[in-house]
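# Examining the three-dimensional arrangement
If you want the building blocks of each chain, they are given just below.
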Amino acid sequence: MRDAPARPAGGRAVASKTGGTRPTPASTPAPAQVHRPAPVHPGAWWLWSLSLGIAATRTTNPLLLALLITTSAYVVATCRRPTPWSRSYAAFVKLALAVLLVRLLFAITLGSPIPGTHVLVTLPELPLPDWAQGIRLGGRVTAESLVFALYDGLKLATLLICVGAANALANPHRLLKSLPGALYELGVAVVVALTFAPHLIADVQRLRSARRLRGRPDTGIRGLLQVGLPVLEGALERSVALAAAMDARGYGRTAEVPPGVRRTTTALTLGGLLGVCAGTYGLLTAEGGTYGIPVLLAGLAAALAGLRLGGRRTPRTRYRPDRWDVRSFLVAGSGAAVAAAMFLAGASDPAALHPGVVPLVAPTLPLIPAAAVLLGLLPAFIAPTPKEPSS
């Protein structure tokens, strides 16, 4: 009787074609699965970006505005994913620069109501008729008017950049899934409008790259026409495909709801919106400070209840709905903290947020608002883009 062959460690003996046995190599262990955290809720990104935009509207200090732009840019560079809509941030930055240049150009050519004594240049002034009093073309260009236009244009540019950060970070399709059923139709229209620019930019980049690979010009009037027509054709085809997909999925069809529920929904929604308007007006006026907050809260509660009841008309199912986890609350809370701190700083020290132009003084960086703006960097540390595992 022959001895059985020894079994190798981690393997097993199998019969070979010659009648003997041969050991098999040890089985390769399965690669460990990399656990990736769930992405941040898209609504949290929008709340964070809009809060930074609200903070930008409360100041004309160029140092604080530059700090807000730097904060949003760092978070976008750290947290955005390689998706078509994430490329729209550069387009919003270019749009903000164009708005700033146009604001300065208007201040140079049309003048400014800000008086100044430091004359930089004197342009030829065109005479205008009597009915155009208050408007001038050309004339003196002062340093005070240019600085005022720079501050004003930089504030609007910062707001546009913050909105661009929301477009680059938030997934529009996931944002649509998170809307209540009563706002589904409105949400579809808004999401389609928001995704138009990212898809358009992606099509332009793809076509320009294809033309460069073929040795054809992609700049100038000729290149613009050669690229613009295929982009327009692709946009029309995408619209037709979207309409067919929406119709196939029953878009716009509603369920039967009792008349009493419909009337209650309408009353709550309209009453809530009126309450929100009245409460907001009370907060903006000195006389309505006592009743503004209670009316505003009651209006919000009624409007939310109306939206809750209105969602019964559009029954929808959600596949893997997004949850508001701790990171989402921290992202939204960091932006809200920046906006709240800017409001408090504007009430306590408005001169620090709005540097003087007449007389012309150099802006200073207030420490407390600057430290509050740095709170907006929190998403870069709690929700960075996960790195791909190395092979």
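Quick note: structure is the one above.
These notes cover the structure that comes with them. (Residues numbered from 1 in each chain as written. Predicted model: local features only at pLDDT ≥ 70, side-chain atom pairs only at ≥ 80, totals over all residues. Heavy atoms only, no water.)

## Here's the deal with the environment of Tyr291
Definition in use: Counting from the N terminus, the helices are the DSSP runs of H or I reaching at least four residues and the strands are the DSSP runs of E reaching at least two. A simple rule labels every residue: compare its accessible area, found with a 1.4 Å probe on the protein chains alone, to the largest value its type can have, and call it buried under 20%, exposed over 50%, or partly exposed in between. Residues are treated as being in contact if the distance between any of their heavy atoms lies within 4.5 Å.
Tracing the chain through its elements places Tyr291 in the loop between helix H8 (259-284) and helix H9 (292-310). Under the relative-accessibility criterion, Tyr291 is labelled partly exposed at 37%. For the pair formed by Tyr291 and Gly279, sequence separation is twelve residues and the distance between their alpha carbons is 7.2 Å. Those residues in contact with Tyr291 that lie beyond four places of it in its chain are Ala278, Tyr281 and Gly282.

## Structural notes on the packing of aromatic side chains
Rule in force here: Pairing of aromatic rings covers Phe, Tyr and Trp, the last through its six-membered ring, and needs centres within 6.5 Å; plane angles under 30 degrees mean stacked, over 60 mean edge-to-face, and all others mean tilted.
Scanning the entire structure with this criterion turns up two aromatic pairs. Measuring from ring centre to ring centre gives 6.0 Å for Trp45 and Trp48, while their planes differ by 85 degrees; the resulting arrangement is edge-to-face. On the criterion of helical spacing, the pair formed by Trp45 and Trp48 is a turn pair, its members being three residues apart in helix H1 (residues 42-57). Taking the centre distance of 5.4 Å and the plane angle of 50 degrees together, the rings of Trp324 and Phe329 count as tilted.

## Here we look at the packing of H1 against helix H2 (residues 62-79)
When two helices pack together, their arrangement is captured by the angle between the axes and the distance separating the axes. Put simply, the rule reads: To obtain each axis, a line is fitted to C-alpha atoms, and for helices this fit is confined to the stretch in contact; angles are then taken between N-to-C directions over 0 to 180 degrees. For classification purposes, an angle smaller than 35 degrees is called roughly parallel, one larger than 145 roughly antiparallel, one from 65 to 115 roughly perpendicular, and anything else oblique. Crossing handedness is read from the near helix: turned anticlockwise from the far helix by less than a right angle, it gives a left-handed crossing, and turned clockwise, a right-handed one. Each residue is assigned to one of three groups, with Ala, Val, Leu, Ile, Met, Phe, Trp, Tyr, Cys and Pro labelled nonpolar, Asp, Glu, Lys and Arg labelled charged, and all others, Gly among them, labelled polar.
Look at H1 against H2: their axes get within 10 Å of each other, and the N-to-C directions meet at 165 degrees. Taken together, H1 and H2 sit at an angle that is classed as roughly antiparallel. Relative to H2, the crossing made by H1 is left-handed. On H2, the residues that touch Trp45, Trp48, Leu52, Ala55 and Ala56 of H1 are Leu65, Leu68, Ser72, Val75 and Cys79. Its residues assigned to classes, the contact of H1 with H2 comprises nine nonpolar, one polar and no charged.

## Describing the pairing of strand S3 (residues 119-126)
Quick reminder of the rule: A pair of strands counts as paired when DSSP detects no fewer than two bridges linking them.
Counting buried positions along S3 gives zero out of eight residues, so the element sits mostly on the surface. Pairing analysis gives five bridges linking S3 to strand S4 (residues 137-142), with the strands arranged antiparallel. Bridging from a neighbouring strand, Val121 pairs with Val141 of S4.

## Quick word on helix H3 (residues 88-109)
To keep things clear, this is the line we draw: The length a helix should cover is 1.5 Å for every residue beyond the first.
Taking 1.5 Å per residue as the helical rise, H3 with its 22 residues ought to reach 32 Å, and the 32 Å between its terminal C-alpha atoms agrees with that figure. One or two residues past the end of H3 sits Gly111, with phi positive at roughly 80 degrees.

## Digging into the nonpolar core
The test is simple: Joining through side-chain atoms within 4.5 Å is the link that ties buried Ala, Val, Leu, Ile, Met, Phe, Trp, Tyr and Cys residues into a set, and such a set is a nonpolar core.
Grouped together as the largest cluster of nonpolar side chains are 37 residues, with contacts concentrated most on Trp45, Trp48, Leu68, Val75 and Leu169. Counting only elements with at least two residues in this core, the list comes to H1, H2, H3, helix H4 (143-169), helix H10 (326-348) and helix H12 (367-373). Looking at this core element by element, the count peaks at eight residues for H4. Not counting residues up to four positions away in its chain, the partners in contact with Leu68 are Leu52, Ala55, Ala56, Thr158, Val338 and Val373.

## Focus on the pattern of salt bridges
Any two side chains of opposite charge can pair, so long as their charged atoms come close to each other. Test applied: Counted as salt bridges are all cases of a side-chain nitrogen of Lys or Arg within 4 Å of a carboxyl oxygen of Asp or Glu.
Taken as a whole and judged by the stated rule, the model has two salt bridges. The residue Asp152 makes a salt bridge to Arg103 at a minimum N-O spacing of 3.3 Å. Note that Asp152 is positioned in helix H4 and Arg103 in helix H3, a separation of 49 residues in sequence. The salt bridge involving Arg327 is made with Asp325; its shortest N-O contact spans 3.9 Å.

## Re the side chain of Thr158
The following threshold applies: Distance and chemistry together define a polar contact, namely a pair of N or O atoms within 3.5 Å, with one atom able to donate a hydrogen and the other to accept it when in protein, and with adjacent residues in sequence counting only for side-chain atoms on both sides.
When you line up the elements, Thr158 lands in helix H4. In this structure the side chain of Thr158 is engaged in a polar contact, spanning 2.7 Å, whose partner is the backbone oxygen of Leu154. When near neighbours in sequence (up to four residues on either side) are disregarded, Thr158 contacts Ala56, Leu65, Leu68 and Ile69.

## A short note on the packing of H2 against H4
At a closest axis distance of 10 Å, the pairing of H2 and H4 adopts a crossing angle of 15 degrees. Classed by the angle they form, the pair H2 and H4 counts as roughly parallel. Between H2 and H4 lies a crossing of left-handed hand. Residues Pro62, Leu65, Leu68, Ile69, Ser72, Val75, Val76 and Cys79 of H2 pack against Tyr151, Leu154, Lys155, Thr158, Ile161, Ala165, Ala168 and Leu169 of H4. Here the contact of H2 with H4 is composed, by residue class, of 13 nonpolar, two polar and one charged.

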